[in-house]
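Okay, here's what each chain looks like letter by letter:
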Amino acid sequence: MPVSPAASGPAVALLREFGAADIAHPGGTLIAHLQRVQGQLAAWGARPALQLAGLCHAFYGTDGFPDALLPLDRRSELAAVVGAEAESLVYLYASCDRAATYPTLADTDGPFHDRFTGLSHTPDPQARRDFAELTAANELDLARDPAFRDQWGPELLSLFTRIRPLLSRPAWSDCQEVLPA
């Protein structure tokens with residue numbers, strides 16, 4: 001079930017306040033991308049906190065998108081709008097050092113490398129699944145563009161095949177549809 005406009009509206013307003021509607025991003029603007037990611041997660045049946053994290057996943061920048069909308073010392077502002085659980089997922093997503101984390105992401109005890117602190121930790125199984133699902137929703141939105149898919153599709157399919165145990169059935173199905181072998 002999609003997050004209600006009452007729940008997502010304040011997050012959208014905050015995104016607009018920090019300029020997400022004015023930042024170019026593949027497929028249009030950053031805010032349009034973020035809303036598509038949220039919609040994809042909703043279509044896959046993700047719980048509300050994960051949908052809100054999908055909507056807000058770029059607030060602190062990411063390993064692949066360095067433009068932060070909000071500095072890390074203001075995390076409480078995002079938490080006040082989306083809740084502590086969703087904000088924690090946004091931080092987890094933004095903090096990922098992809099090159100160091102992706103190879104062992106599907107391993108129960110695989111280290112998760114935080115690019116902000118330089119430290120590693122082991123997320124619990126639910127956090128790993130949430131991270132994987134958000135990663136799939138984000139990357140599949142980008143991969144719907146043929147040029148992006150041509151450049152990154154094989155690498156993404158390899159990643160999603162490796163982390164398949166962490167993905168929901170609908171997410172894996174979309175991975176196969178968008179990124180054919």
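Right above here is the structure, for reference.
Report on the accompanying structure. Counting starts from 1 at the beginning of each chain's written sequence and moves along it residue by residue. Only residues with pLDDT of 70 or above have their local features reported here, since the model is predicted, and side-chain atom pairs are shown and tallied only from 80 upward, although totals for entire chains, interfaces and linings are computed over all residues. Excluded from the side-chain calculation are hydrogens and water; included are all heavy atoms of the structure.

Side note on the pattern of salt bridges
No. 1: Salt bridges are counted wherever a side-chain nitrogen of Lys or Arg sits within 4 Å of a carboxyl oxygen of Asp or Glu. Per the stated rule, a full pass over the model turns up six salt bridges.
No. 2: In this structure, R47 and D130 form a salt bridge, with 2.6 Å as the shortest nitrogen-oxygen distance. Placement of the pair is R47 in the loop between helix 2 (30-43) and helix 3 (48-56) and D130 in helix 7 (residues 125-143), with a sequence separation of 83 residues.
No. 3: For every residue, the accessible area (1.4 Å probe, protein chains only) is compared with the maximum for its type, and the residue is labelled buried under 20%, exposed over 50%, or partly exposed between those bounds. Of the residues examined, R47 reaches a relative accessible area of 29% and is grouped as partly exposed.
No. 4: A relative accessible area of 4% places D130 in the buried class.
No. 5: For R74, the salt bridge goes to E77, with nearest N and O atoms at 2.6 Å. A run of H or I in DSSP counts as a helix once it spans at least four residues, and a run of E counts as a strand once it spans at least two, with each numbered from the N terminus.

Some details on the environment of A53
No. 1: Its place among the elements puts A53 in helix 3.
No. 2: With residues up to four places along the chain from it excluded, the contact list for A53 reads A86, L89, V90 and L134. Any pair of residues with heavy atoms lying within 4.5 Å of one another is described as a contacting pair.

Some words on helix 2
No. 1: Here helix 2 spans 20 Å end to end across 14 residues, near enough to the 20 Å set by a 1.5 Å rise per residue.
No. 2: L30, I31, H33, L34, V37, Q38, Q40, L41 and A42 are the residues of helix 2 that are buried.
No. 3: On its buried side, helix 2 packs onto helix 1 (5-17), strand 1 (24-25), strand 2 (28-29), helix 3, helix 7 and helix 9 (169-178).
No. 4: Remark: G45 follows helix 2 within two positions and exhibits a positive phi of approximately 85 degrees. Multiplying 1.5 Å by the residue count of a helix minus one yields the expected span of that helix.

Points about the side chain of S8
No. 1: Structurally, S8 is set in helix 1.
No. 2: The class for S8 is buried, based on a relative accessible area of 10%.
No. 3: Setting aside anything within four residues of it in sequence, one finds S8 in contact with V3, Q38, L52 and L55.

Overview of the nonpolar core
Looking at soluble globular proteins, one finds that nonpolar side chains tend to be buried together.
No. 1: For our purposes a nonpolar core is just a set of buried Ala, Val, Leu, Ile, Met, Phe, Trp, Tyr and Cys residues, chained together by side-chain atoms within 4.5 Å. If you look at the biggest cluster of nonpolar residues, it comprises 62 residues, and the most contacted ones within it are F59, L78, F160 and L167.
No. 2: Among the elements of the structure, helix 1, helix 2, helix 3, helix 4 (75-82), helix 5 (84-95), helix 7, helix 8 (146-162) and helix 9 are those that each provide at least two residues to this core.
No. 3: In terms of residue count, helix 7 provides more of this core than any other element does, nine residues in total.
No. 4: Sequence-distant contacts of L78, defined by excluding residues within four places in its chain, comprise L14, C56, F59, Y60, L70, G83, E87 and V90.

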